[in-house]
Amino acid sequence: MVLGKCRGLVNNIRARIGMIRRQICSVGTSSVNLKPNVDMPLFPGPQSQWTERLELIHPLSYNRIPIYRVMDREGCVLNPDEPQLEKDFVEKMYRTMILLNTMDTILYESQRQGRISFYMTSFGEEATLIGSAGAIASNDLVYAQYRETGVLMWRGFSVDQCINQCFGNCEDKGKGRQMPLHYGSKSHNFVTISSPLTTQLPQAVGSAYAYKLAKNGQCVITYFGEGAASEGDAHAAFNFASTLKCPVIFFCRNNGYAISTPTHEQYGGDGIAGHGPSYGITTIRVDGNDALAVYNATKVSREYVLAENRPVLIEAMTYRLGHHSTSDDSTAYRSVDEVKQRDSLDSPILRLRRYLEMKGWWNDSKECSWKEETRKNVLKSLARAEKVLKPEWKEMFRDVYYDMPSQLVKQMKFMEAHIEQYRDKYPVDKYMNPV
Ligand SMILES: Cc1ncc(C[n+]2csc(CCOP(=O)(O)OP(=O)(O)O)c2C)c(N)n1
């Protein structure tokens, strides 16, 4: 009885295999290029080959993705065929790197003095930011994490605008609602930053899909750290971008740490670039301290995503020289010597300076006057922004929805009466239209 059932099952399977074979043959050689007697794997999905060798694939049996560079640490160009960038352009890159570094130093110190509530520097990542920003078009859409002030700066977002946001004063377009550094600017095509890590990645893919449909010749670039790449949203974004064929550049800043977590606790494989090919994403790993290499890698990626309507993943290898934020003391988990050594051996700013000097495009006196000018401007901006009034307090009830619902109107009126009654208990003189 049991045997009979088994035989029935086997016959059934045989019949089905026969049917599948007949179906495959009837598709014809033109579409699948299969002859019935050729023994090839028939599974859907990526094409592979049979093997009779029983073997586990060890991650080290793959060649690690190499790190593309243009200059060595002394600023010497390694490949004589390397196309040269214009003097003014490279000089602008360098000047913006210094400006960013100067603003970071002053705002970091001003947080230590309690003048702003929070800050994050980009120390060590200046080349990564400016090199990539220089290679994309100003109307390409940027989704950032939080350590990408340099990208916005390159696009002309001023020191005043940065500092107004950090003070949350009434000149901040975000109306003082978010923490410092959560910049955004519609006119600079820079989507407003938010704190939850990696949420911007699938959103960037959605925007890229819309750009593809609009055929507007623009692409999207999204920045994130190697720590953020461990979030589920990164997987969703990589997979959607690949399967929906979206013109998006995933730009990972691999700076070695996610707060106190070093990369060896973050991932076990070939970094973030190692993920790319497995998602079907064209990938490059680049020396993030080499502004010219980052520029080239991003430029080529931009051309590719637009020509092919497919994503690219760039992993820029760099090092976070600063603390994670003003809420962090990184000496609790890495030595001061480690940081000093990295800074002295591999400074992205010094490397570009050496390149410029070798070209005869930069010298000590230019360096001194630019540093002095930027320092003065940042300090002036800071002193000014500090005195500007905070936005009207009613702004905290607006823009929750496009139209304010009645229950929110009620809460706002309640607050109004409350402030009128207790105005001596609130710093009303620091706000626009206090009552
Ligand atoms: C979803 C989520 N989880 C945790 C945090 C807390 N957090 C803020 S920054 C950070 C580390 C991110 O590191 P990485 O992505 O490598 O960027 P880096 O700070 O090094 O530039 C963490 C865990 C957060 N903001 N959002």
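Residues numbered from 1 in each chain as written. Predicted model: local features only at pLDDT ≥ 70, side-chain atom pairs only at ≥ 80, totals over all residues. Heavy atoms only, no water.

Q: Would you mind showing me how to read helix α6 (residues 159–167) here?
A: Along α6, seven of the nine residues are buried, which leaves the element largely enclosed by surrounding structure. Turning to α6, its buried residues number three or more, namely Val-159, Cys-162, Ile-163, Asn-164, Gln-165, Cys-166 and Phe-167. Residue Gly-168 follows α6 closely and has a positive phi angle near 60 degrees. (Buried < 20%, exposed > 50% of the residue type's maximum accessible area, 1.4 Å probe, protein only. Helix = DSSP H or I, 4+ residues; strand = E, 2+ residues; numbered from the N terminus.)

Q: Would you mind going over the site of the ligand with me for this structure?
A: Neighbouring the ligand are 17 residues, the closest being Tyr-146, Arg-147, Gly-227, Ala-228 and Tyr-257. Residue Tyr-146 places a side-chain N or O atom 2.5 Å away from an oxygen atom belonging to the ligand. One nitrogen or oxygen atom from the main chain of Ala-228 is found 2.8 Å from an oxygen atom belonging to the ligand. Look at the ligand: alone it shows 590 Å² of surface, and the protein chains cover 73% of it. (Near = heavy atom within 4 Å. Polar contact = N/O pair within 3.5 Å; in protein donor to acceptor, adjacent residues only side chain to side chain. Areas by Shrake-Rupley, 256 points an atom, 1.4 Å probe, with all protein chains shown as cover.)

Q: Can you help me understand the pairing of strand β8 (residues 282–287) in this one?
A: Taken together, the two bridges between strand β1 (residues 67–68) and β8 define a ladder with parallel strand orientation. Bridging across to β8, Tyr-68 finds its partner in Val-286. Sheet topology note: the β8/strand β9 (residues 312–317) ladder contains six bridges and is parallel. In the sheet register, Arg-285 faces β9, and the bridge partner there is Glu-315. (Pairing = 2+ DSSP bridges.)

Q: Explain a nonpolar patch on the surface to me, please; I cannot follow it from the model alone.
A: A cluster of nonpolar side chains, namely Tyr-209, Leu-213, Phe-240 and Leu-244, defines an oily patch on the protein surface of about 380 Å² accessible area. As for its placement among the helices and strands, Phe-240 is situated in helix α8 (residues 232–243). By relative accessible area, Phe-240 is classed as partly exposed at 46%. (Patch = residues over 30% accessible without salt bridge, like charges linked within 9 Å, V, L, I, M, F, W, Y side chains within 5 Å. Salt bridge = Lys/Arg side-chain N within 4 Å of Asp/Glu carboxyl O.)

Q: Looking at this structure, how should I read the domain arrangement of the protein?
A: Size of an interface: often given as the accessible area lost when the parts come together. When cut into domains, the protein gives domain 1 (87–325 + 335–386) and domain 2 (393–430). A separation of 36 Å is found between the C-alpha centroids of domain 1 and domain 2. (Domains from an automatic or database assignment.)

Q: What is the right way to read the confidence of the model for the protein from this model?
A: If pLDDT is low for a region, its predicted coordinates should not be looked at in detail. Scored by pLDDT, the protein has a mean of 92; 91% of the residues are at 70 or more. This stretch, residues 1–10, has a pLDDT under 50; its non-local contacts, to residues over four places away or in other chains, come to zero contacts. (pLDDT = per-residue confidence, 0-100. Contact = heavy atoms within 4.5 Å.)

Q: Please clarify how the UniProt feature "domain: Dehydrogenase E1 component" (unreviewed entry) in the protein should be interpreted in this entry.
A: Cross-referencing UniProt, the feature "domain: Dehydrogenase E1 component" (unreviewed entry) maps to residues 94–392 in the present numbering. Across residues 94–392, the secondary structure splits into 48% helix and 11% strand, with the terminal C-alpha atoms separated by 39 Å. (UniProt positions renumbered as here; feature names shortened; annotations may be inferred.)

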